[in-house]
Structure formats: structure tokens, C-alpha cells
Amino acid sequence: MRTSGTSFIRALERFSEQVSDGLVEGKRCLSQLPVVGSTFSTIFKTLPLQTGNVTDIIITGLSYPGMYHAQNDYSMEIRGTKYDFVFLLRHFDYRHEGNSVNFTLLNDFDVDFTDSTGAQKVIPKTDTSRNSIRCTIQKIVRTAERDAKIVFLFGGHGERAEVNMMGGDTGDECDFQTIIAGDGRRIYGKELRAWFCDARYPSISVTTVFDVCYSGGSLGLSYTYHVKGSSVKVSKASRTRARIPMVQISATQPDQLAWSNRFEDGYYGQMTHALVQYLQGGEQPTIEGLVYYISKNCDPTGEQLPQVCCSRKLKGQISLFPAHDVGIPSTVPP
């Protein structure tokens with residue numbers, strides 16, 4: 001992430017995903033497959049049985065303390081992710097005890113956090129290495145039930161690699177886009193997709209949110225959305241077919257930087273702020289409306305344009321949780 005900002009988002013409560021060219025499982029063709037993407041409010045436990053409950057939220061917030069970039073020798077440390085991490089805990093109503101979903105927190109700084117019940121504890125920093133992130137994802141998807149809905153949120157650094165995963169020249173299909181783990185090692189987009197697609201069941205759905213540089217389309221999902229005039233178009237982005245239903249919401253296009261800014265209601269990543277404003281609009285959200293709004297309102301200069309990608313075509317109305325007022329806390333980790 002460029003400058004100190006990374007924020008995550010609200011949530012898709014549920015939506016039905018149209019399958020354009022079918023998904024074969026056990027020699028059976030499904031014409032429709034439910035997908036739930038998520039960032040949640042306190043009512044996420046009431047999700048209808050049709051789509052199942054959100055089961056796991058993985059929040060990754062990295063500040064890279066004391067780290068320097070190996071090639072350019074600049075400090076990698078960022079402060080904004082600390083604000084965002086605390087903001088997310090409050091937004092999701094994370095509690096030290098009694099959560100109704102499984103929270104997994106991957107943070108490289110300690111957080112003295114008071115939850116909504118008044119309980120105060122220090123959330124200690126955890127292992128945020130590449131191996132830890134991989135093991136966390138694979139453990140969750142390999143043990144999840146058939147109707148599991150998993151959300152992975154990442155705030156930190158992203159970069160374009162000069163070589164692909166195999167050490168060769170980079171090509172056109174996301175083999176140059178990476179996020180940086182807490183130990184400074186790269187995680188390629190294709191690797192992340194493979195880890196999630198190692199799921200126990202093909203009906204498990206995953207929504208990923210990246211508020212980092214160069215993140216658009218990094219998972220290589222089949223379809224991408226873009227604004228053309230006053231309408232939103234969907235186009236084929238990759239020939240790769242993910243084994244499970246996936247949605248990726250990214251702060252940028254593949255060649256752009258992600259920025260944070262100060263707004264009247266706090267300090268946010270620009271894409272996150274635009275997204276939250278859309279959720280507060282009051283009208284029935286649609287996938288087209290979501291894409292259009294964040295594209296037009298993230299950064300009026302056009303230097304940062306969010307990107308939404310899906311493993312199957314989505315169209316029309318989606319049900320989103322209404323936003324509730326949770327401001328940036330007055331104190332954040334040092």
C-alpha cells in the first residue's frame with residue numbers, strides 16, 4: 001500500500017451467481033451456484049439458510065516494522081494499516097469471547113482493544129510470514145463444511161514482480177502481481193487462488209478484498225467488470241476457471257498504486273471510503289451499481305481505479321448489509 005492507508009470493506013450478505021458456462025461436479029451440471037462475499041455487521045449470523053452462514057473471517061493487517069525493501073533499500077513500514085485493523089475489529093464487532101463466526105487475525109503489531117461488551121485485552125501480534133498465511137488459508141478451506149463462506153482481507157504492500165513464480169519472464173495473466181507477507185516474501189496471485197481452490201468442497205465460496213497496490217485481477221478470475229459510459233460491462237478476463245466460487249474486490253487496476261486519504265469521517269483507503277459510501281446510499285444495491293459507484297468515486301483524478309473480478313458472471317441485485325456508524329478510534333497502536 002502506498003502511504004499509510006489500507007482499509008477493508010463492508011459486505012455482500014448474499015447473492016446468487018449465474019453460471020454462464022456451467023460447473024460440473026460429480027457429473028452433474030449446476031445452472032446456479034450461491035456465492036456470499038462478506039464484510040459483516042453484527043447481524044451476519046441471521047443469513048438465510050439458502051446461502052448458509054458466513055463461517056470464517058481472516059483479517060490480515062501488516063505494518064512491516066523495521067523492514068526495508070531488499071532491492072530499493074527503502075523502509076517498508078506503514079502506519080495506516082494499524083488504524084484500519086482496529087477499525088475493522090470494531091466494524092465487525094469482533095469480541096474477545098463469544099464470536100458467532102471464526103475470526104483469524106494475522107497482525108504484526110500488538111493491539112490493546114476494547115470490544116463492544118467492554119472487555120479489554122491485548123491482541124498480540126502473530127506470525128504473518130508467507131508460510132503462516134498459506135497454512136492458515138489451507139487449514140480453513142480444507143476443514144470447512146459444504147456451505148462455508150470464507151472472507152480473506154489483506155492490507156499491506158503489493159508489488160509487481162520482475163519474474164514469475166517459476167523465475168521466468170512475467171506474462172500477461174497475473175503472474176507478476178504479488179502481495180508481501182510479514183517476512184518480506186512474495187505471495188503471487190496465482191498461488192493465493194490455488195490455496196483457496198484447495199477447498200474441501202467445490203461449494204465453498206471465498207470473497208477476497210485487497211487494499212494494496214497493483215492488486216486488480218491478481219487472482220486470475222474469469223470475469224472483470226468495467227464502466228463504459230453510463231453502464232457497466234462484464235468481459236472475459238482469463239481462461240482460468242476457479243474450482244470454487246470466488247469474488248475479488250481490489251483497490252486498483254494491475255498497474256496502479258493504492259492511496260489513502262483523510263475524509264470528514266476519518267482516514268481511509270480511497271476505495272474503501274467510496275465503497276462504504278455506496279453501501280450507505282439506501283437503494284437496493286446491484287453488482288453494476290457497486291462497480292459504477294466505486295469506479296467513479298474512489299479517486300476523481302483517475303489515478304486509482306478499483307477492480308471487481310468474479311469466477312462466474314454476476315448480474316443484478318445483491319443484498320448488502322446496511323452500513324452502521326463506526327468511526328476511526330481516537331487511539332491506535334503506536
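Residues numbered from 1 in each chain as written. Predicted model: local features only at pLDDT ≥ 70, side-chain atom pairs only at ≥ 80, totals over all residues. Heavy atoms only, no water.

### Quick notes on the pairing of strand S3 (residues 54-61)
Counting buried positions along S3 yields 7 of 8 residues, so the element is predominantly enclosed. Both S3 and strand S7 (residues 149-155) contribute to a ladder of 7 bridges, which runs parallel. Looking at the pairing, Ile-59 lines up with Leu-153 of S7. The pairing of S3 with strand S4 (residues 102-107) spans 6 bridges and is classified as parallel. Residue Ile-58 lies in a different strand from S4, and its bridge partner there is Thr-104. Of the crossover connections in this fold, the one passing from S3 over helix H1 (residues 80-91) to the parallel S4 is right-handed. (Buried < 20%, exposed > 50% of the residue type's maximum accessible area, 1.4 Å probe, protein only. Helix = DSSP H or I, 4+ residues; strand = E, 2+ residues; numbered from the N terminus. Pairing = 2+ DSSP bridges. Right-handed = clockwise from strand over helix to strand, strands pointing away.)

### Re H1
The first and last C-alpha atoms of H1 sit 16 Å apart over 12 residues, in line with the 16 Å expected at 1.5 Å per residue. Buried within H1 we find Gly-80, Thr-81, Lys-82, Asp-84, Phe-85, Val-86, Phe-87, Leu-88, Leu-89 and His-91. Where H1 is buried, its residues touch S3, S4, strand S5 (111-114), strand S6 (120-123), S7 and strand S16 (266-269). (Expected span 1.5 Å × (residues − 1). Contact = heavy atoms within 4.5 Å.)

### Details of the packing of aromatic side chains
By the definition in use, this model includes 6 aromatic pairs. Between Phe-152 and Phe-154, the aromatic rings sit 6.4 Å apart at their centres with planes inclined by 25 degrees, giving stacked as the arrangement. Neither Phe-152 nor Phe-154 differs from the other in exposure class; each is buried. With a centroid separation of 5.6 Å and an interplanar angle of 65 degrees, the aromatic rings of Phe-152 and Phe-196 are classed as edge-to-face. Taken as a pair, Phe-152 in strand S7 and Phe-196 in helix H3 (residues 189-196) lie far apart in primary sequence, 44 residues in all. (Phe/Tyr/Trp six-rings, centres within 6.5 Å; stacked < 30°, edge-to-face > 60°.)

### A short note on the sheet that holds strand S8 (residues 158-160)
The strand order across the open sheet formed by 3 strands is S8-S9-S10, and the pairing between neighbours is antiparallel. The strands lining the two open edges of the sheet, one partner per strand, are S8 and strand S10 (186-188). Direction aside, the axes of adjacent strands within the sheet are offset by 35 degrees on average. Seen against the sheet, H3 touches strand S9 (177-180) and S10 and runs at an angle of roughly 70 degrees to S10. (Axes fitted to C-alpha atoms, helices over the stretch in contact; angles between N-to-C directions.)

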